[in-house]
Amino acid sequence: MTTESTAHAADIEAVKQVVAIVEHSQQHKDPDEFLALFHPDAVWTTAHGKVLIGLDAISEFTRKVLPAADWDGKVSYEVVHVLFIRPDVAAVKVRQRYLSPGDESEGAPLYVMTKQDDGRWLLTACQNTSVVAD
């Protein structure tokens, strides 16, 4: 494996780790863990189309909504595709599932992540999309 492909594999794993932390923060309804994943200038669009610009707006919304969420913590996030737009910018397609007895809903978020100078990948421009059953 070349140095470049080793670095690429490490970046894919780091991106997957961010998504795993998103999942963990949602399962535990932990706004602090979730918010630590965002770039300060991030843009987040909710599944219902609410546009949040900047960490302050994302934080205000998350602190209000996440702890009060009505699911019982059974949620999963799976990375289905990673496209490196540049070595420090990745578009990450995710399958999101909320599970509860007798009910399941699905989302198809797209997370654009940027690699920081310290090597961390942060959520920078994200669009959450509900999947409607046919």
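Residues numbered from 1 in each chain as written. Predicted model: local features only at pLDDT ≥ 70, side-chain atom pairs only at ≥ 80, totals over all residues. Heavy atoms only, no water.

An unreviewed UniProt entry lists the protein chain under the name EcaC, with Streptomyces variegatus given as the organism.

**Student:** What exactly am I supposed to notice about the packing of aromatic side chains here?
**Tutor:** The geometry of an aromatic ring pair is captured by the separation of the ring centres together with the interplanar angle, meaning the angle of the planes. Per the counting criterion, the structure on display carries five aromatic pairs. Here Phe 34 and Trp 44 contribute two aromatic rings whose centre-to-centre distance is 5.6 Å and whose plane-to-plane angle is 90 degrees, an arrangement assigned as edge-to-face. With Phe 34 in helix H2 (residues 31-35) and Trp 44 in strand E1 (residues 38-45), the pair connects residues that are ten residues apart, well separated along the chain. Exposure class is identical for Phe 34 and Trp 44. Each is buried. On the numbers, 5.9 Å between centres and 35 degrees between planes, the contact of Trp 44 with Tyr 111 is tilted. Within this pair, whereas Trp 44 is found in strand E1, its partner Tyr 111 is found in strand E6 (residues 110-115), the two being separated by 67 residues in sequence. In this structure Trp 44 comes out as buried when scored by relative accessible area, which is 9%. Given a relative accessible area of 1%, Tyr 111 falls into the buried group. The structure contains a cluster of three or more aromatic residues connected by ring pairs, namely Phe 34, Phe 38, Trp 44 and Tyr 111. (Phe/Tyr/Trp six-rings, centres within 6.5 Å; stacked < 30°, edge-to-face > 60°. Helix = DSSP H or I, 4+ residues; strand = E, 2+ residues; numbered from the N terminus. Buried < 20%, exposed > 50% of the residue type's maximum accessible area, 1.4 Å probe, protein only.)

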